[in-house]
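What the coordinates show
Below are the chains, spelled out letter by letter.
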Amino acid sequence: MLDEQGIERLREILKSDVSARSHFVNMQMISAAIQLEGDAGLTPQLEDIHPLTPSPRHPNTLSPSHLVTPSRRSASFLLAVAASLLILMLGIWLVSSFITDDSDRPSQVAGTVDREVRDTSKEPTAHGVAMVTRLVGVTWGDDQTAVEAGDALPAGRFAIQTGHAQIEFFCGATLVVEGPAELELESAIYARMKHGRLRAHVPPAARGFSIEVDDLKVVDLGTEFGLSVSPNSTGVQVFDGEVELHPSTSERRLLKSGQAVVRKAAGEYQDAQAVPESFVDIAGLESRARLQDAARYGRWKEWSDKLRRDPRLIAYYAFAEQGDWERRLACSNEPANPKLDGAIVGAREVTGRWNAKRALEFKQPADRVRVQIPGEYSSLTLACWAKIDSLDRWYNSLFLTDGYDKGEPHWQILDDGRLYFSVRPVNRGEPGPRDYKALSPSFWKPSLNGKWIHLAVTYDVDTDTIVHYLNGKARSRHAVPEAQMPSTTRIGTASIGNWALPTQPDARFAIRNLNGSMDEFVMFAAALTADEVKEMYECGRR
Amino acid sequence: MEQTEIKEQFVRQLTQHQNRLYGYVYSLLGDHGRAADVVQETNLVLWRKIDEFQPDKPFLPWAFAIARFQVLACLRDHKRDRLLLDAELVEVMSDEVERKADQIDAIRAALRHCLQLLSANNRELVDRRYDRGMSVADIAEAVDRTIGSIKVALLRIRRQLAECVQQRLAAEE
């Protein structure tokens, strides 16, 4: 905003200078046009105002910025203002005037929209020297940030208090580390062990991988070995192949399969008995992981069975039943209500968070689950477990009602990783406040690719608040102006993982399908507390 | 002409010219909410004066004249708010604004093309400011930049868009 002086100065210039006036008018008109385009945003399309309009739904609703949208619906807000005013007076519905006003405008097809020329400096990058691929029973010290299976590890300290972690170095060497343990990852081929036990599996491709302990360097020559380090003893055992020991105090030594050495305190290395069983190997860790998997699945199952009877449930899809679903996604509510069962279109059954559990994979633009949920509600909570392969649609659907009328919620993710929840405050074509678009900061990072994440959103009509959650933590909180917060919500026909049905045989439709999988979806007629969302996450995480 | 027929004609004209009226009013007031209110007021006044409506005469000059009165009334009512233009400037600039507003559809068509040429960051800014109506301060916080830098960025974007739109319009002529 200009201050008083600035305004005066501007007025003077405009009054005295014809070309300044002209420039000003040009700029203002551009702003007006931007406003008209911006208003186009997510407002309904022309055919939404009147279902009989014979134009197909265009896929250009895909615009990520809501700006390159074509014109047919763009003037809807002003048209709506004028229309409602006049309809009231005349009692006639002049749809024809909407059509003639807009139908001559060019339309765009998603594929023809130019996206920016690639800037190579903006290519996403990641850093790390290794990756955590398995965590079984791991607890973290206060000074170590918890990492998840699938996370890349940068160079630096890695410490666990209990449990086993499988670390795969980018060179190809794999360590199974047993807590308590502390390592310093130096590079993709080199680490230092402070204390703890580990078993290293080094395939030929990773030959040369080395670990250093104080004054001892263990160079692997393509093999499998164990290393244990405590304040008063260091031991190396070779289970297969051979390693080179480079003690700083004595000569280099070759250790072969079945051999072991141990050093007490500051003494010399002495031969010892190799005990391969005392080090957990990859296969052993895998079976432990399976046990942990089963335990976590059991914990979720218990929670899920309890949830089925929660009186606040609108609909709960546990994706729990094994085997042939007959293209039906059973509603898990108890008492059972088969009318709430979803119909699976396209989406494929795949393994869920645990082996014992199923999920649906949405890949094709038409993949979806159709649901029909009657009734009126007020506050809402929507939550799901999803695995996102990529956000390559402009709008990546989680749950969208077919239309977008008064009280209907839309929940999706924008291609830049922002969670997006909105409920329309007025019916299509009616004047009134615009919908409030609750947009979280972007949560997406490439390392989330293919990981199961928990997403939730609460819509609280008592406090006029919308809260987005990611993995049990509030991601953003939105205070919504009361006028934009309809107190009655409804679902009707809707899609999980996609949006709307093509209305006509040849109609094109916006590609909004989720590119990924979902293995639990729940909707409550209440705003859950932060603790309840956290519990949902804790009981459902892998 | 039948009374109903005249009314239908009127409604058709009024609906057809909503964007032009908005462009006119917005250009003079520079605020979306206020402009929307004034357009609505203008619609009402036009409706009340339907007796003066002559189907065989151009609709726009009449509608712009009413809109101008409404803009002036708005300036009077909001004297304390520091609006950019004063009554004198509105009178001086009205003709030119009318001419430009008449072209708003062409401007929008050009703009739609030009918006696609913006960088992702800039489009994001436009999206936040105009589509979502965020304040400059909120945007600055959201993208972790200073308010000043956002203002400058938005100004540059508008200039860039204006240039692009003008080139396109010129090319079409």
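Residues numbered from 1 in each chain as written. Chains lettered and ligands numbered in written order. Predicted model: local features only at pLDDT ≥ 70, side-chain atom pairs only at ≥ 80, totals over all residues. Heavy atoms only, no water.

Things to note about the overall build of chain B
Counting its regular elements, chain B contains nine helices and zero strands. Of all 173 residues assigned to chain B, the portion counted as buried reaches 52%. Summarising the internal contacts of chain B: among those between residues at least 6 apart in sequence, 61% fall at separations of at least 24. Accessible area for chain B stands at about 8500 Å²; split by element, carbon and sulfur atoms hold 45% of it. (Helix = DSSP H or I, 4+ residues; strand = E, 2+ residues; numbered from the N terminus. Buried < 20%, exposed > 50% of the residue type's maximum accessible area, 1.4 Å probe, protein only. Contact = heavy atoms within 4.5 Å. Areas by Shrake-Rupley, 256 points an atom, 1.4 Å probe, with all protein chains shown as cover.)

Re the overall build of chain A
Summing up its helical and strand segments, chain A has seven helices and 30 strands in all. Out of the 542 residues in chain A, the part that is buried amounts to 56%. In chain A, 59% of the contacts between residues at least 6 apart in sequence involve partners at least 24 apart. Surface summary for chain A: the accessible area is close to 23100 Å², and the carbon and sulfur share equals 51%.

Comments concerning the sheet that holds strand β16 (residues 328-329) of chain A
Residue and element names in this part refer to chain A. With antiparallel pairing, eight strands are arranged side by side in an open sheet as β16-β17-β20-β29-β22-β23-β24-β25. Each of the sheet's edge strands pairs with one partner strand only, and the pair in question is β16 and β25 (438-439). Across two bridges, strand β24 (residues 419-423) lies against β25 in antiparallel orientation. Counterpart to Phe421 in the pairing with β25 is Ala438. (Pairing = 2+ DSSP bridges.)

What to know about the side chain of Gln412 of chain A
On the secondary structure map, Gln412 of chain A appears in strand β23 (residues 409-414). Of the residues examined, Gln412 of chain A reaches a relative accessible area of 1% and is grouped as buried.

Some words on the confidence of the model for chain A
On average, residues of chain A score 79 in pLDDT, and 80% of them are at 70 or above. This stretch, residues 41-77 of chain A, has a pLDDT under 50; its non-local contacts, to residues over four places away or in other chains, come to 117 contacts. (pLDDT = per-residue confidence, 0-100.)

Let's talk about the pairing of strand β29 (residues 489-496) of chain A
Residues and elements named next belong to chain A. Pairing of strand β20 (residues 368-377) with β29 involves seven bridges; the strand directions are antiparallel. Across the sheet, residue Tyr377 finds its bridge partner in β29, namely Thr489. Pairing geometry for strand β22 (residues 395-401) and β29, over three bridges, is antiparallel. Following the sheet pairing, Thr401 is matched in β29 by Ala494.

Brief notes about helix α2 (residues 18-29) of chain B
All names here are of chain B. Taking 1.5 Å of rise per residue, twelve residues should cover 16 Å, and α2 covers 16 Å from first to last C-alpha, within 8% of that figure. Among the twelve residues in α2, twelve count as buried, and that is most of the element. Those residues of α2 that sit buried are Gln18, Asn19, Arg20, Leu21, Tyr22, Gly23, Tyr24, Val25, Tyr26, Ser27, Leu28 and Leu29. Gly30 sits one or two residues past α2 and shows a positive phi near 65°. (Expected span 1.5 Å × (residues − 1).)

Thoughts on the pairing of strand β30 (residues 516-524) of chain A
Residue and element names in this part refer to chain A. In terms of burial, β30 is a largely internal element, nine of the nine residues being buried. Across four bridges, the pairing between strand β15 (residues 313-317) and β30 is antiparallel. Looking at the pairing, Leu313 lines up with Phe524 of β30. Looking at chain direction, strand β19 (residues 358-362) and β30 are connected through three bridges and run antiparallel. Residue Phe362 lies in a different strand from β30, and its bridge partner there is Gly516. As paired elements, strand β21 (residues 380-388) and β30 share eight bridges and run antiparallel to each other.

Points about the nonpolar core
Phe10, Val25, Leu46 and Leu161 of chain B are the most contacted members of the largest nonpolar core, which totals 71 residues. The leading source of residues in this core is helix α4 (residues 59-77) of chain B, at eleven residues. Those residues in contact with Val25 of chain B, other than ones at most four positions away along the chain, are Gly30, Ala35, Val38, Val39, Ala67 and Val71 of chain B. Counting residues in hydrophobic clusters, the runner-up holds 49 residues, among them Phe443, Val480, Phe521 and Met523 of chain A. (Core = buried A, V, L, I, M, F, W, Y, C linked by side-chain atoms within 4.5 Å.)

With respect to the state of the cysteines
All names here are of chain B. For the coordinates displayed, the defined rule picks out one disulfide over all chains. One disulfide bridge connects Cys114 with Cys164, the sulfur atoms lying 2.0 Å from each other. Disulfide Cys114-Cys164: the torsion about the S-S bond is -85°, which places it as left-handed. One end of the pair, Cys114, is in helix α6 (residues 104-116); the other, Cys164, is in helix α9 (residues 147-172), with 50 residues separating them in the sequence. Of the two residues, Cys114 and Cys164, both sit in the buried class. (Disulfide = S-S within 2.5 Å.)

Section: unusual backbone geometry
Residue and element names in this part refer to chain A. Between Gly179 and Pro180 the backbone carries a cis peptide bond, its omega angle lying at 0°. Take Pro180: it is sitting in strand β5 (residues 174-187). With an omega dihedral of -5°, the bond running from Glu334 to Pro335 counts as a cis peptide bond. Mapping Pro335 onto the fold places it in the loop between β16 and β17 (342-345). The phi dihedral of Phe319 is positive, around 55°, even though this residue is not glycine. Although it is not a glycine, Asp464 adopts a positive phi angle of roughly 50°. Owing to a relative accessible area of 17%, Asp464 belongs among the buried residues under this scheme.

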